[in-house]
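Residues per chain, in single letters:
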Amino acid sequence: MAKGARRAAGDILDAAMPFLRRYGRALTGHQQGGDTLAAKARLSTRPEMNAISAIDIRVRLFANLNTSWNALRTCSLSQTAARRQILALTPGSRETLLLRAVEEFSFPQIANILGVSQQIVPDLFETALQEMPYRTGSRVLIIEDDPMVAMDMSSCLGDMGCTVTGVARTASEAVSLASTSPPELILTALSLADDSSGLEAARRISAAHPAVSSVFVTPYPEKLLTGTAGEPVFIIAKPYLEEQVRSAVSQAFILSSH
């Protein structure tokens, strides 16, 4: 491969890394574990075809991560209940859900990533939607300064059987609400009304309530996917689809099981 082609392939791989980290984190439920899988996949993905496309490179990158995940998934989860829930799911369905709803791959691309027949991928996706956990009464705190977005989030969570404990517009308001009505999960924007941060709010709440999980919604997800220590696990882009919120929330619930 010519130097220019190698450089272009390297640029494509580098650009895909934030989203590969997101996929790895969602699979493992941990930043470090997910980022380690992503780094390993990056090292093992060395395109050698002169005419390989950007899409093909990205598919190959995710496929290499998935291969590593398959080898580790039965022993990589630290919580026994989470492990039981994941192993009880239809094989490949959870991966299909994340690849389709969050990473927005097509069904044929997902088939290549998972190494399965294209014909079964739509069924795996529908199965994943059916197997998505609904936790009636689970308490969720919304941190969002846009009333319309907060209302939409509340509706989506209500459809999942969750109970919204409150809606906060600032970090300090969120911490106050969490102290009076501790949530099980936080669904939060990154930038808030008074220029405070949803990340700051989530950290302060988690310090007081370590079992709380967080899902972040931001127009710039790559800013939370750099590989720097202390970044969140579950991140979706804004504007979002309801399917993306439901997918991320459901995975957060599974991986926070005790």
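**Topic: helix 6 (residues 107-114)**
Among the residues making up helix 6, those that are buried are Gln109, Ile110, Ala111, Ile113 and Leu114. Buried residues along helix 6 sit in contact with helix 3 (54-72), helix 5 (93-102) and helix 7 (121-131). Positive backbone phi, at 70 degrees, marks Gly115, one or two positions downstream of helix 6.

**Remarks on the pairing of strand 3 (residues 185-189)**
For a regular strand, side chains alternate in direction, first toward one face of the sheet and then toward the other. For strand 3, the tally of buried residues reaches five of five residues, placing the bulk of the element in the interior. Two elements, strand 1 (residues 139-143) and strand 3, share four bridges in a ladder whose sense is parallel. From the neighbouring strand, Val140 faces strand 3, where its bridge partner is Leu185. With five bridges connecting them, strand 3 and strand 4 (residues 213-218) associate as parallel partners. From the neighbouring strand, Ala189 faces strand 4, where its bridge partner is Val217.

**Digging into the pairing of strand 2 (residues 163-168)**
Where strand 1 lies against strand 2, five bridges are found, and the strand directions are parallel. Across the sheet, residue Ile143 finds its bridge partner in strand 2, namely Ala168. Tracing the backbone out of strand 1, into helix 8 (residues 147-159) and back to the parallel element strand 2 gives a crossover that is right-handed.

**Details of the packing of aromatic side chains**
If you walk through the whole model with that rule in mind, you get three aromatic pairs. Ring geometry for Tyr23 against Phe62: centres 5.5 Å apart, planes inclined by 40 degrees, an arrangement best described as tilted. Highlighted residues: Tyr23 in helix 1 (residues 3-28) and Phe62 in helix 3, separated in sequence by 39 residues. Phe62 carries the same exposure label as Tyr23, and that label is buried. Residues Phe107 and Phe125 carry aromatic rings whose centres are separated by 5.9 Å and whose planes lie at 55 degrees to one another, so their mutual orientation is tilted. With Phe107 in helix 6 and Phe125 in helix 7, this residue pair connects regions lying 18 residues apart in the sequence.

**Describing the sheet that holds strand 2**
Pairing is parallel in the open sheet, where five strands are placed in the order 2-1-3-4-5. Two strands in the sheet have a free side with no partner beyond their single neighbour: strand 2 and strand 5 (234-237). Here the strands of the sheet are splayed against their neighbours by 20 degrees on average, with no regard to which way each runs. Where strand 4 and strand 5 come together, four bridges link them in parallel fashion. Directly across from Phe216, in strand 5, lies its bridge partner Ile235.

What counts, and where the lines are drawn
Residues numbered from 1 in each chain as written. Predicted model: local features only at pLDDT ≥ 70, side-chain atom pairs only at ≥ 80, totals over all residues. Heavy atoms only, no water. Buried < 20%, exposed > 50% of the residue type's maximum accessible area, 1.4 Å probe, protein only. Helix = DSSP H or I, 4+ residues; strand = E, 2+ residues; numbered from the N terminus. Contact = heavy atoms within 4.5 Å. Pairing = 2+ DSSP bridges. Right-handed = clockwise from strand over helix to strand, strands pointing away. Phe/Tyr/Trp six-rings, centres within 6.5 Å; stacked < 30°, edge-to-face > 60°. Axes fitted to C-alpha atoms, helices over the stretch in contact; angles between N-to-C directions.

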